[in-house]
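# Breakdown of the fold
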Amino acid sequence: MPRSQATWIASAAMFSLYLAMGQNAFHGLDAFSYLKFVHNGELHNQLNLLYQPLAWVFARLCGFFGLPLYESLRLLSAIGGALGAAFTHRTALALGIDPTRALLSAFGCGLTPAVLHSSTVVEIDALFFACSALAWLPFAHLLRTGRWSFAMLTGAASALAAGCHAAGHLLVLTLCLMQIAWDWPARSLRTTVPHMFVLLITHAGLSLLLAKLASVSGQATMANNAMGITVRADFVPHVLWHEWLLPYMPFCLLPFVALRVPRLRTAVASFAICVLGYLLVTTIVLGLLEPTGPALPHGGMFEFGSFLLGSTVPAVLLSMLALPVRAAVLAVAIACVAGVLQVRAHDWPPDPIGYAAGFHELQQQAPLNVLVDNAEERAWIARRHPDQQCFTVRGNLELEVALIAKEKQLPFVPATFALQFQLWRPSIAGGKELLVSERALSRMQSSPVPQLAEAARDLLPQSFTFEPVQAQGFRGYRLLPK
């Protein structure tokens, strides 16, 4: 089979799978923002340069064919994952891996649970995976030829990855370390270290230039803020299991089989150091955000391995270099089964029929703020009305009100929640009425936060009339001040 044909086959197969498994679930809260920004044409983001402009152009193109915004951005993720598989195949061939193992490398990367997840949701991560896989293509040529041009191209590609996601700056460190360790000591440090510096300088120069031109300073601010945060030792098992072992099964462990190949031992050692670095950063960042878990789409702090996507290509390539063909086929099969099962386990059921359409009818009658139960119910609205202001019981009430009360040294009593509802009165909230969904009211009345449950049962009826409303699949209450 011609090499180009094999690349297209692998890419098309992965793309088809991603389309078939497109998720209804939101990866995280950022997806709500991306949908809103793209819908409103807001192209600037302090944390990344590339995603919103690319997503906006792509969504506009898909709009000509009648594809809604949510499905358009999910399609963009599928394209990113498929491109990543294609780049992996070409990288494997460039490293001199035989065609069978090269094809297995492409499928291995594309089916790794973390990649399968990111390629089936609305999120930036699949494009980051594509860019990180792209960086490995000139890097493979650099390892084989030692040409300066490939060092510069690798640095440029890693800068492109950093333009998608801050983890691109960890990717370049991985590439630099691999540049020294791959095939050492057969490859002299006298030649590899200068190439490493060219790679690093190119990455840094282009990253700074892009950040300056686009006024993107959020990554530097985020890194500076993270410097003073300590690692939560109690959170390490959670990160290790949910961000590495599960999302990268079986390629979380198989690269270490390459230790039996003498020329790959230093590469495996450097890979292990890089993974530890990724895990350290993941533990710091997710540990900081972990208290917000109950408000997140999956009820906890789960990134499904997205911070470590830059490690996917070396993990799979080292595995393929070390395993017999039959074992490599088995590894890819395990990745496929694990990926499909994991995606199905945390995907959401279809939206209730008529919910979004019913809400739209009510929205047409008067400008609204709406209080829903959780992120999943919020997604039922945001998927079709991304610019609608929504609040959640599990986030804005059960978490934020307590934090605000503590910060302002207010008593945390039922009246504190009643005060929050007073701030949602039309006279204060810009004339917008407050709509409370049926699920939201039920959650408040039985909330594990006793102060909120008491406020919902006793205090709110004293200040508001709960007017039942129903439109198609939406059921709730319009809160009218007494």
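In this text the structure is predicted, and so the values were computed from the model without any measurement.

### Some thoughts on the overall build of the protein chain
The helix and strand tally for the protein chain stands at 21 helices and five strands. Over its C-alpha atoms the protein chain spans a radius of gyration of 25 Å, differing by no more than 12% from the 23 Å that the globule rule assigns to 482 residues. Structurally, the protein chain occupies a C-alpha span of about 80 × 50 × 40 Å along its principal axes. By the burial criterion, 53% of the 482 residues in the protein chain qualify as buried. A sequence separation of at least 24 residues applies to 75% of the contacts in the protein chain between residues at least 6 apart.

### Brief notes about the sheet that holds strand β4 (residues 464-471)
The mixed open sheet is built from five strands, whose spatial order is β2-β1-β3-β5-β4. At either margin of the open sheet sits one strand with a lone partner, and together these are β2 (390-392) and β4. Averaged over all neighbouring strand pairs, the angle between strand axes comes to 30°, with direction disregarded. Both strand β1 (residues 368-372) and strand β3 (residues 433-437) contribute to a ladder of four bridges, which runs parallel. What sits directly across from leucine 368, in β3, is glutamate 433. Packing of helix α16 (residues 355-365) onto the sheet brings it into contact with β1, β3, β4 and β5 (474-481), and relative to β5 it is tilted by some 25°.

### A closer look at helix α12 (residues 236-245)
Taken together, the buried positions of α12 are His238, Val239, Glu243 and Trp244. The buried residues of α12 occupy an angular sector of 160° when projected down its axis, which confines them to one face. Residues of α12 that are buried in the fold lie against α13 (265-289).

### Brief notes about the confidence of the model for the protein chain
On average, residues of the protein chain carry a pLDDT of 91, and 96% of them reach 70 or more. Per-element mean pLDDT across the protein chain ranges from 51 in helix α11 (residues 218-226) up to 98 in helix α6 (residues 113-118).

### Some details on the environment of leucine 296
Along the chain, the position of leucine 296 falls in the loop between α13 and α14 (312-322). A relative accessible area of 14% places leucine 296 in the buried class. Considering only alpha carbons, one finds leucine 296 and phenylalanine 26, 270 residues apart in sequence, at a separation of 9.4 Å. In contact with leucine 296, not counting residues within four places along its chain, are Leu29, Met301 and Ala375.

### Things to note about the nonpolar core
The biggest cluster of nonpolar side chains holds 102 residues, and the ones touching the most others in it are Tyr51, Leu73, Trp136 and Trp182. With 11 residues, the single largest contributor to this core is helix α7 (residues 125-145). Those residues in contact with tryptophan 136 that sit more than four places away from it in its chain are Thr91, Leu171, Leu175, Met178, Trp182, Gly310, Val313, Pro314 and Leu317. Among the nonpolar cores identified, the runner-up in size contains 20 residues, and Leu371, Phe417, Leu452 and Phe464 belong to it.

### Quick notes on the side chain of threonine 283
Residue position: threonine 283 is located in helix α13. We classify threonine 283 as buried; its relative accessible area is 5%. In this view, threonine 283 contacts Val231, Arg232, Phe235, Val236 and Val239; residues no more than four positions away in its chain are not counted.

### A short note on the state of the cysteines
Under the defined criterion, the tally for this structure stands at zero disulfides. Between cysteine 336, a cysteine without a disulfide, and cysteine 109, which holds the nearest cysteine sulfur, the sulfur-to-sulfur distance is 14 Å. We classify cysteine 336 as partly exposed; its relative accessible area is 28%.

### Side note on a nonpolar patch on the surface
Together, Val231, Val236, Leu240 and Leu280 make up an exposed nonpolar region whose accessible area comes to about 290 Å². Summarising the element assignment, valine 231 is placed in the loop between α11 and α12. Since its relative accessible area comes to 38%, valine 231 is described here as partly exposed.

Definitions and cut-offs
- In every chain, residue numbers begin from 1 and rise along the written sequence.
- Under the rules for a predicted model, residues below a pLDDT of 70 receive no local features and side-chain atom pairs below 80 are neither given nor counted, while totals for whole chains, interfaces and linings still include all residues.
- Each side-chain value is derived from all of the structure's non-hydrogen atoms; neither hydrogens nor water enter the calculation.
- The secondary structure listing takes helices from DSSP runs of H or I that are at least 4 residues long and strands from runs of E that are at least 2 residues long, numbered from the N terminus.
- The quantity called the radius of gyration is restricted to C-alpha atoms. Its globule counterpart is 2.2 Å times the number of residues to the power 0.38.
- Here the term buried applies to any residue with accessible area under 20% of the maximum for its type, exposed to any over 50%, and partly exposed to those in between, with areas from a 1.4 Å probe on protein chains only.
- By definition, residues are in contact when any of their heavy atoms lie within 4.5 Å.
- Being paired, for any two strands, means DSSP has found at least two bridges between them.
- Every axis corresponds to a line fitted to the C-alpha atoms, with the helix fit spanning only the stretch in contact, and the corresponding angles, defined between N-to-C directions, vary from 0 to 180 degrees.
- Directions drawn from the helix axis to the C-beta atoms are what define this arc.
- Confidence scores here are pLDDT values: one per residue, from the predictor, ranging 0 to 100.
- Grouping buried Ala, Val, Leu, Ile, Met, Phe, Trp, Tyr and Cys residues that are joined through side-chain atoms within 4.5 Å yields what is termed a nonpolar core.
- Pairs of cysteine sulfur atoms within 2.5 Å are what we label disulfides.
- For patch detection, residues must exceed 30% relative accessible area and be free of salt bridges, and they are connected within 9 Å for like charges or within 5 Å for nonpolar side chains (Val, Leu, Ile, Met, Phe, Trp, Tyr).
- The protein chains shown are the only cover counted for residues, whose accessible areas, like all others here, come from Shrake-Rupley with a 1.4 Å probe.
- One speaks of a salt bridge when a side-chain nitrogen belonging to Lys or Arg is within 4 Å of a carboxyl oxygen belonging to Asp or Glu.

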